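Chain and residue survey
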Amino acid sequence: MPFPEKFTWGVASAAYQIEGSTDIGGRGPCVWDAFCNMPEKVFEGHNGEIACGSYDRVDEDVELMSKLGVGGYRFSISWPRLFPNGIGEPNEAGFAYYDRLIDAMLAKGIEPWVTLYHWDLPLSLHEQGGWLDSRSHQWFEEYTRAVVERYSDRVTHWFTLNEPQIFLGLGLNEGTHAPGLKLSRKEVLLATHHALLAHGRAVKTIREHAKQSPMIGFAPVGNLHTPETDSAADIEAARRATFDIEEKGWAFNYSWYCDPVFLGHYPEQGLELFGDDVPEFTAQEMELINQPLDICGVNIYSSVIVRAGENGDPERVPSVRGHPMTMFKWTIIPRSLYFGPKFLQERYGLPIVITENGLASMDWVHADGQVHDPGRIDYLTRYLSELRRACDDGVDVRGYFQWSIMDNFEWAEGYSLRFGLIYLDYQTLRRIPKDSFRWYAEVVRTNGEHLPNSIAPIA
Ligand code: PNW
């Protein structure tokens, strides 16, 4: 069985993870440049200075995507490349870079899917308060407006924020991502409110200024839960747990971010849990956050398994010993791509696009000079089969973006984890398509028709 007609097959990346040239072409510093300079924060002190060198390799990279046959490329725009200080003076060389990229993609029939913010906050804005400052949503609106004025003659697919759960939770609360702060829950919830306002203002700005009718979405991640069995009770337990906010790891959830964005209010359960830590907000602010959207993006990698315990309450099911994991130690749960889209569509009522899915696997150049990554092929086979099952069961899924087109700077893990369909030799910046690249090209070419219908249990 193929995927739906007009399904978009794509690959994804983010500016700081691939571009390099952080000091070149007039780019200003971002919070990740500064974070990488702090001792012990990033694996072996790695940083994004060179990364994959994509800033200098537009034609080569687009040619590879064209060989892959994808219809879409989700990339992010580097705010500090366009505005070295975040606001004020624009940097024409930065704008010209994305012109080159977008034009090269369009010439090969690849649609740009632009993420406005994938974590590279301009350092000078951070120094002025960053997301904690109530001007931050104004700054983001100004940046968005410049992006839309420049590129919306060619770009129609837009995402505002990538994973606020991570840049706010890990960046401002746990301190393991840039800018490396350990703020109180109250402060982080204030910053979160500002980030949600920034999302709303960006959506409004795109609608007001886009030169072509836009398709706009949000790209969250969250604490996905999947049921142990297909019993109605287990599925209900997984659904409830998916939208619950837990006391520990409270920032990693869907509902605190997605309910305001898609439904116009903070979730009751979160309001109760957070109590006095919830920032003051007005009805107008909630209206601004709740702009109409066209699509619900979501990044899905793994999930927690639950069953219905007493009274139907979700009860965590420990993984069997030896359950397969990726190199990131994320458990491999293919059903995440069935239940994730299903639960999100039920709650938010929008078509779904998988904005990221993939794995870090153990890849190197083998003795024959090739990069064989059977684990990635198997992972994607399993996950995509579940996504197709979701489509067959009536979930409206519009596209799938594999993370990632190439190995890249994996944030606090530096270059130690490889997520790509293309292997990067970081010394020479040579790109070597892995086996999974050729395999994924077949998936794209056949619209998933050649995925097997029968799949052996994974453990
Ligand atoms: C995403 N989790 O981050 C990001 O959008 C990418 O930039 C990143 O390279 C990719 O996933 C792989 O890590 C995530 O804890 C961070 O479940 C954390 C989680 C998921 C995704």
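Described below are features of the structure shown in this document. Since we're looking at a predicted model, the values are computed, not measured.

1. Overview of the overall build of the chain
- Helix and strand counts for the chain stand at 16 helices and 13 strands.
- A compact globule built from 459 residues should have a C-alpha radius of gyration of about 23 Å, and the chain, at 21 Å, falls within 12% of that.
- Structurally, the chain occupies a C-alpha span of about 60 × 60 × 45 Å along its principal axes.
- Residue burial in the chain is summarised as follows: out of 459 residues, 61% are buried.
- For the chain, long-range pairs separated by at least 24 residues make up 77% of all intrachain contacts whose partners lie at least 6 apart in sequence.
- Measuring between centres, the 41 positive side-chain charges of the chain sit 3 Å from its 64 negative side-chain charges.

2. Things to note about the layout of surface pockets
- In this model, the second largest pocket occupies a volume close to 580 Å³.
- The wall of the second largest pocket is formed by 26 residues, among which Ile-333, Pro-334, Arg-335, Glu-386 and Ile-458 lie closest to the centre.
- Contributing elements (two or more residues each) for the lining of the second largest pocket: β6 (225-227) and α15 (374-392).
- The greatest single-element share of the lining of the second largest pocket, amounting to six residues, is contributed by α15.
- Looking at side-chain class alone, the lining of the second largest pocket contains 14 nonpolar, five polar and seven charged residues.

3. Structural notes on the nonpolar core
- Core analysis: the largest hydrophobic core is formed by 151 residues, its most contacted members being Trp-32, Trp-131, Phe-140, Tyr-151, Trp-158, Tyr-400 and Tyr-440.
- For this core, the element with the most residues is helix α9 (residues 185-209), which contributes ten residues.
- In contact with Trp-131, other than residues within four places in its own chain, are Tyr-117, Leu-121, Ser-136, Phe-140, Phe-167, Leu-168, Ala-191, His-194, Ala-195 and Ala-198.

4. Observations concerning the site of the ligand
- The local shell around the ligand holds 17 residues, among which Gln-17, His-118, Glu-356, Glu-410 and Trp-411 are the closest.
- Here an oxygen atom of the ligand and a side-chain polar atom of His-118 are 2.8 Å apart.
- Side-chain polar atom of Trp-403 to an oxygen atom of the ligand: 3.3 Å apart, as the coordinates give it.
- Calculation on the ligand without its partners gives an accessible area of 450 Å², and the protein chains cover 87% of this total.
- For the shell around the ligand, a count of residues per class yields ten nonpolar, four polar and three charged.

5. Observations regarding the sheet that holds strand β4 (residues 157-162)
- An order of β1-β2-β3-β4-β5-β7-β10-β11 is seen for the eight strands of this closed barrel, with the pairing classed as parallel. Here the average twist between neighbouring strands, direction ignored, is 25°.
- Pairing of strand β5 (residues 215-219) with strand β7 (residues 295-299) involves two bridges; the strand directions are parallel. Note that in β7 the partner of Phe-218 across the bridge is Cys-296.
- Along the sheet face, helix α5 (residues 92-107) touches β2 (72-76) and β3 (111-117) and points at about 170° away from the line of β2.
- Relative to the sheet, helix α8 (residues 164-174) contacts β3, β4 and β5, its axis offset from that of β4 by approximately 20°.

Basis of the calculations
Residues numbered from 1 in each chain as written. Predicted model: local features only at pLDDT ≥ 70, side-chain atom pairs only at ≥ 80, totals over all residues. Heavy atoms only, no water. Helix = DSSP H or I, 4+ residues; strand = E, 2+ residues; numbered from the N terminus. Rg over C-alpha atoms; globule rule 2.2 N^0.38 Å. Buried < 20%, exposed > 50% of the residue type's maximum accessible area, 1.4 Å probe, protein only. Contact = heavy atoms within 4.5 Å. Lys, Arg positive; Asp, Glu negative; His and termini not counted. Charge placed at Lys NZ, Arg CZ, Asp CG, Glu CD. 1 Å grid on protein atoms, 1.4 Å probe; cavity = no way out; pocket = protein on both sides within 12 Å on 5 of 7 lines; lining within 4 Å. Points joined across faces, edges and corners; volume = space filled by probe spheres on them. Nonpolar A, V, L, I, M, F, W, Y, C, P; charged D, E, K, R; others polar. Core = buried A, V, L, I, M, F, W, Y, C linked by side-chain atoms within 4.5 Å. Near = heavy atom within 4 Å. Polar contact = N/O pair within 3.5 Å; in protein donor to acceptor, adjacent residues only side chain to side chain. Areas by Shrake-Rupley, 256 points an atom, 1.4 Å probe, with all protein chains shown as cover. Pairing = 2+ DSSP bridges. Axes fitted to C-alpha atoms, helices over the stretch in contact; angles between N-to-C directions.

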